[in-house]
Amino acid sequence: MNIFFIGMGYMGSERLRAAINLKKKYKIKIVGFYDNKIKSIKIKKKIFKSIQNLKGDFFNKNKIDICIISVPHNLTYKYSKICLKNSQKISLLVEKPLGINLTETKKIVDLKNKNQKIFVGLNYRFFDGISKMLQDIKIKKFGKINSLLINFGHGHNPSMKKSWKLNKNFAGGGVIIDPGIHILNLLQLFCSKIRIKYLNKIKNFWKTGIEEEVLITMSSKEIPIINISISILRWRSTFEIQGNGIKGYWRVNGRDRSYGSQIYYTGKRWGWLSGRKQKSTEKKYIQKKTKNVFQDELSSIIQVLQKKKAKILPCTDLEALKTMSLIKRLYEY
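To start, this report covers the structure provided alongside it.

What counts, and at which threshold
- Residues numbered from 1 in each chain as written.
- Predicted model: local features only at pLDDT ≥ 70, side-chain atom pairs only at ≥ 80, totals over all residues.
- Heavy atoms only, no water.
- Core = buried A, V, L, I, M, F, W, Y, C linked by side-chain atoms within 4.5 Å.
- Buried < 20%, exposed > 50% of the residue type's maximum accessible area, 1.4 Å probe, protein only.
- Helix = DSSP H or I, 4+ residues; strand = E, 2+ residues; numbered from the N terminus.
- Contact = heavy atoms within 4.5 Å.
- Polar contact = N/O pair within 3.5 Å; in protein donor to acceptor, adjacent residues only side chain to side chain.
- Pairing = 2+ DSSP bridges.
- Axes fitted to C-alpha atoms, helices over the stretch in contact; angles between N-to-C directions.
- Expected span 1.5 Å × (residues − 1).
- Phe/Tyr/Trp six-rings, centres within 6.5 Å; stacked < 30°, edge-to-face > 60°.
- Lys NZ or Arg CZ within 6 Å of the ring centre and 35° of its normal.
- Parallel < 35°, antiparallel > 145°, perpendicular 65-115°, else oblique.
- Left-handed = near helix turned anticlockwise from the far one by under 90°.
- Nonpolar A, V, L, I, M, F, W, Y, C, P; charged D, E, K, R; others polar.

**Considerations on the nonpolar core**
Grouped burial of nonpolar side chains is what soluble globular proteins tend to show.
No. 1: Residues F4, I6, M133, M218, I228 and W250 are the most contacted members of the largest nonpolar core, which totals 79 residues.
No. 2: With 6 residues, the top contributor of residues to this core is helix α10 (residues 317-332).
No. 3: Residue contacts for F4: discarding those within four places in its chain leaves V31, G32, F33, Y34, I51, L54, F58, F59, I64, I66, C67 and I68.
No. 4: Ranked by size, the runner-up nonpolar core spans 21 residues in total, among them I20, L22, F33 and I43.

Written out as structure tokens, the structure is:
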């Protein structure tokens, strides 16, 4: 399994580490990386050098099976096209979103031939608590779900204003597209016929023109009340998912790193009637400390390409296309 990387910023280096960790298990050969701003990178005492020429038969000559693209959103189409046009059997793992907007996402999907596969780095489904939550929703553990509340916030740092992530020309928008795409993609795994009921946004702190905080109310066939709050003005990393059903309830707290360890709680309706305190009747599921969603995601992708059964399926281009369509509706609301 020959893997090549385009983009070696924070996300690219994280994905390189994941590939190194899986090297023996899948017989991975890391061909190298391309980044016009970084000449070399050292990870786990090994130095990887940037390859500056992607023209001609580079991908075929090096028999690249997977190219992992981690670049600013406005460059995703450019490098996806280079890969797909220069190799007939290459697969891509593209950092979210798949293009700067829905139009570009469609263009990327249309570039693919029948022998090529595109996966998108929407990997929250690989977190232990979220994975367990999705399983419980699937088996209807909570019965008919009445409401869902999602609170996702970050504060970044003072230098953020200079980042491409706050520039609409590079990012495509603000918190609705990133990190909002992660939440919206999760929502679509168990909700259909999503309707937008209300949207309010503010963009007066960084003053770069993009939305910095949003409050969204939606409804779906499965859940009548969905409230989502996404912000980059929280000053303390926050990640919470709370759901209430006829039979019980759940909550997911944390997302690893500055958000804290992920803990998944479930409880029964009127648990306190057992004579104990409500809290003592809840079940708690804690994410393992060695969790690496990038590694689990890449492992799943390799399993799919090798036509093996993957416990959790990775996000495909068509799935990402559906999420980008919802994002377009939110921006137009």
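The discussion continues.
**Some points on the side chain of T281**
No. 1: Here T281 lies in the loop between β14 (263-268) and β15 (283-286).
No. 2: From its side chain, T281 meets the backbone oxygen of Q278 in a polar contact 2.6 Å long.
No. 3: Aside from chain neighbours lying at most four places away, what touches T281 is G271, S274 and R276.

**Some points on the environment of I28**
No. 1: Its place among the elements puts I28 in the loop between α2 (23-26) and β2 (29-34).
No. 2: Of the residues examined, I28 reaches a relative accessible area of 5% and is grouped as buried.
No. 3: In this view, I28 contacts M1, I3, A19, L22, K23 and I302; residues no more than four positions away in its chain are not counted.

**Brief notes about the sheet that holds strand β8 (residues 145-153)**
No. 1: Taken together, the 8 strands give an open sheet; going across it, the order is β9-β10-β11-β8-β12-β13-β14-β15, and neighbouring strands pair in mixed fashion. In this open sheet, the two strands that pair with only one neighbour each are β9 (195-202) and β15. Geometrically, the sheet is characterised by an average inter-axis angle of 10° between neighbouring strands, direction not taken into account.
No. 2: Summarising the sheet, β14 and β15 pair through 4 bridges and their orientation is antiparallel. Of the residues in β15, the one forming a bridge with Y265 is K284.

**Examining α10**
Within an α-helix, residues lying three or four positions from one another point in the same direction, as the helix has 3.6 residues per turn.
No. 1: If you check α10, its first and last C-alpha atoms are 22 Å apart, about what 16 residues at 1.5 Å a residue would give, namely 22 Å.
No. 2: When we look at burial in α10, the residues that qualify are D317, E319, A320, L321, T323, M324, L326, I327 and L330.

**Structural notes on the packing of aromatic side chains**
No. 1: What the rule picks out here adds up to 12 aromatic pairs.
No. 2: When the centroid spacing of 5.5 Å and the interplanar angle of 85° are considered together, the rings of Y124 and F127 count as edge-to-face. Like F127, Y124 is buried.
No. 3: Ring centres of F152 and F239 lie 5.2 Å apart, and the angle between their planes is 85°; on these two criteria the pair is classed as edge-to-face. Note that F152 is positioned in strand β8 and F239 in strand β12 (residues 238-245), a separation of 87 residues in sequence.
No. 4: Residue F152 is classed as buried on the basis of its relative accessible area of 1%.
No. 5: Put simply, the rings of Y124, F127, F152, F239 and Y259 touch in pairs and so form one group of aromatic residues.
No. 6: Stacked on the ring of Y265, the Lys or Arg R251 has its end atom at 4.0 Å from the ring centre.
No. 7: Taking the ring centre of W270 as reference, the NZ or CZ of R269 above it sits at 5.0 Å.

**Comments concerning the packing of helix α8 (residues 180-188) against α10**
No. 1: Running from N to C, α8 and α10 point in directions that differ by 115°, and their axes come no closer than 9 Å. On the basis of the axis angle, α8 is roughly perpendicular to α10. For the pair α8 and α10, the crossing hand works out as right-handed. Across the interface between the two elements, I181, L184, N185 and Q188 from α8 touch E319, K322, T323, M324, L326, I327 and L330 from α10.
No. 2: Partitioned by chemical class, the residues of the contact of α8 with α10 number 6 nonpolar, 3 polar and 2 charged.

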